[in-house]
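Structural description and commentary
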Amino acid sequence: MLGLALLLGGGPFARAIDRLQLSIGGLTHPAFELHDIELGFAAGGSPPRLRIGRLRVGASAWRDILLACPQASLVRDGVACLAGTLHVGGRRLPLQVDFTFDPVSTHLRVDLRLPSGASLSLVHDGERRFDARLNQVSIDELAMLASLFDAGPADALRRYGASGRIDARLVWGPPSPGGRDVVRFEGRLSDVGFSSEDGLHAGEQLAVSFDASATATTSGWNWQLRAAWEQGGAYLHPFYLQAGPVLQAQGQVGAEQIRIETASLTMEGVQQLALSASLWRGGLVLDRLAVSLASGDLAVLGPRWLAPLLAPALVERLRFAGTMSAGLTMDAGVLTGLELVFDQAGVSLAGAAGDRGLAFGPVSGHVPWRANAQTQADLRIEGGHWEALSLGAFDVRARLKGGQVVFSPMQVPVLDGVLALEGLELTRHAEGWQGRAGVVLEPLSMQALTDAVGLPQMAGVVSASLPGVRFSHGELTLDGALVVSVFDGYLHVTGLRVSEPFGLASHLQADVEARHIDLGQLTDTFSFGSITGFADLDLKGLELVRWRPTRFDARLASSPGDYRRRISQRAVQNISALGGAGAMAALQRGLLGMFETFGYREIGLSCTLANGICDMEGIARGERADGGFRIVRGGGIPALDVIGYNRRVDWHELLGRIQRVIEDNVTPELH
């Protein structure tokens, strides 16, 4: 200190000093600590140097910090360094340092200037006030500075190709003499963009402003935060988010926990969204969480939040309506409670062009769930539709406990019938939801059903009993057989499996047997002409993709037994048309024109569909020497055979023929 006094006083001894070194043991503040500080001046033009043995800021610490000052001064008010260079651990940082320090008042100011013109300033008033400012600092420059504290966040910024800039200010100091420390942090992120390598996270033109403060207490800190997303959009798989939300929160930071006492988020489509939480400071592990949503507009929230989460492949086709309120609780990171309240809510899934798709609602009611307690859910569904099948109003009641849902018996009106569900249970496993039920379709008018699905009107009723239906991993499986009465005969369906029944990649597999089908009712229904008698159909290996046939092996043959067998002229011509080019009725035109109907002994036709081609055959053992195959074998007088010659037919072409046969309800021309 004597040497310093002589130098500052400008006495005659100052000119004789070759080297001056100032040492300070340490400088301590709640925000930082400096230890083993040495400031040296040497004669001969060597720039003054400041060495700091150890610097701590928060939980980060550095050793061997060297500041070289080509322009320096030592005056009565302290030391100053201009255009200095900074080395940390032997590595020079790409920035310029201006530094002033008064050893008497311990007033400190550091200005860091970056090559881009951005700057970082640090001011300590010698008491307890600490002021730091970032001015137009780019994300790249921020990553460089952040790497001095922790390499992890800096590496993450680089991996995401983050860009943009930040302006911010942090002030640490007591509000008044003798008061507790207060920290205030405010700033704005501008023109921010980022993108992950896999494309699942990206944002552009983002702008966020923030204003936070914290006040020291005997046990930690009380804090408040306000953040506003002002501009830009971001995709965080599977959600696309846009500017607008404003967050306000407050809580405490203690020695072991961070507590969010209250937090509210203002955003479009929500009357109120609030949460409270606590986290363990070690690793930021969630201890407790409670979230509440009041009067959420599903027309807004559904497409943005529910559809991407529940059915990301169907986002463009899903529509929502009504309102929903919700509550959620978690303890130790595990979901412990969920509360849902619906008010006139509805959801619809648009079908393909010309299809009605799927819709349910309006739905009103309450669904409470607890991890360790049984609860009761009650919903009223006012109706809906699946494609052309309209559903009436029905109630849903269920007992919920943990990962199990047990439904009370349900009666769902379908057209003029009822679909009854018995023993419906759902259980959640690690691999997803699984369930089972018994299904009974009470008598449903075939006239109402065919009118609804746009088929020619049919008479009679349809009913079915499915004692065992299972659901697992998005697939419906039928245990046992489905039996449906139709055209005075019946359909017997086995091996029924349906994957993603409501999805874009729906897939059905089944084997179907039809027995004793009345051909008179069938041909009258479809305006095919007139055929009296009965037929059996075996449809093996049926596969439907998006509800359209892609594979099967179908064989139609006359039923055994003694019954009247007659076929009309028009039916003969239509069967010939289905036989493809070259098919013919083996009877002279003149003789054919003399009769309205003909007797037959048997009818047979088969189609094996694969890769869009139907391989056709006729009656068993009905092959002809000329390569033709019999579709109708005549009987009685006159005897009449219908013969086909084209064995490979494009499936879509065959469907077109059938459609034309049904639509062209005219008297056939005989050739």
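Please read these numbers as outputs of a predicted model, since none were measured by experiment. Just so you know, the residues in each chain are numbered from 1, in the order the chain's sequence is written. For this predicted model, a pLDDT threshold of at least 70 governs which residues receive local features, and a threshold of 80 or more governs which side-chain atom pairs are given and counted, while totals over whole chains, interfaces and linings are taken from all residues. The side-chain figures draw on all heavy atoms in the structure; neither hydrogens nor water molecules are used.

Focus on the nonpolar core
Put simply, the rule is: By convention a nonpolar core is built from buried Ala, Val, Leu, Ile, Met, Phe, Trp, Tyr and Cys residues, the set being connected through side-chain atoms within 4.5 Å. Burial status follows relative accessibility: with a 1.4 Å probe on protein chains alone, a residue under 20% of its type maximum counts as buried, one over 50% as exposed, and anything between as partly exposed. For this analysis, residues touch if any pair of their heavy atoms sits within 4.5 Å.
In this structure, Ile531, Phe552, Ile567, Ile575 and Val632 are the most contacted members of the largest nonpolar core, which totals 86 residues. If sequence neighbours within four positions are ignored, Phe552 has contacts with Leu539, Lys540, Gly541, Leu542, Cys607, Thr608, Leu609 and Trp651. Within the second largest apolar cluster, 43 residues are counted, among which are Leu86, Val88, Phe101 and Val183.

Concerning unusual backbone geometry
Convention followed: A run of DSSP states H or I qualifies as a helix once it reaches four residues; a run of E qualifies as a strand once it reaches two. Both are numbered from the N-terminal end.
Note that the residue after His237, namely Pro238, is joined by a cis bond; omega there is 5°. With an omega dihedral of 0°, the bond running from Gly361 to Pro362 counts as a cis peptide bond. Of note, Pro362 is situated in strand β23 (residues 358–370). Of note, Gln136 is a non-glycine position whose phi angle comes to about 55°, a positive value. The phi dihedral of Ser295 falls on the positive side, at around 50°, and the residue is not glycine.

Points about the pattern of salt bridges
Where charged atoms from two side chains of opposite charge come close, those side chains can pair. For the record, the criterion: Each reported salt bridge corresponds to a side-chain nitrogen of Lys or Arg within 4 Å of a carboxyl oxygen of Asp or Glu.
For the structure on display, the rule yields 24 salt bridges. Glu425 is the partner of Arg436 in a salt bridge, and the nearest nitrogen-oxygen pair spans 3.5 Å. Of this pair, Arg436 sits in strand β31 (residues 432–445) while Glu425 sits in strand β30 (residues 417–429), and the two are 11 residues apart along the sequence. When its relative accessible area of 49% is taken as the criterion, Arg436 is described as partly exposed. A residue is classified by how much of its surface remains accessible, and Glu425, at 21% relative accessible area, is partly exposed.

Re the packing of aromatic side chains
To be explicit about the condition: Aromatic rings from Phe, Tyr and Trp, with only the six-membered ring used for Trp, were paired whenever their centres fell within 6.5 Å, and each pair was classed as stacked if the ring planes differed by under 30 degrees, edge-to-face if by over 60, and tilted otherwise.
Evaluated as defined, the whole model comprises 6 aromatic pairs. A centroid spacing of 5.2 Å and a plane angle of 40° characterise the contact between Phe185 and Phe210, whose relative ring orientation is tilted. Placement of Phe185 in strand β13 (residues 182–195) and of Phe210 in strand β14 (residues 201–216) is noted, with a sequence separation of 25 residues between them. Judged by its relative accessible area of 17%, Phe210 is buried. Both rings, one in Phe534 and one in Tyr563, keep their centres 5.3 Å apart while their planes meet at 90°; by these two values the pair is edge-to-face. Taken as a pair, Phe534 in strand β38 (residues 534–545) and Tyr563 in the loop between β39 (548–558) and β40 (566–568) lie far apart in primary sequence, 29 residues in all. By relative accessible area, Phe534 is classed as buried at 18%.

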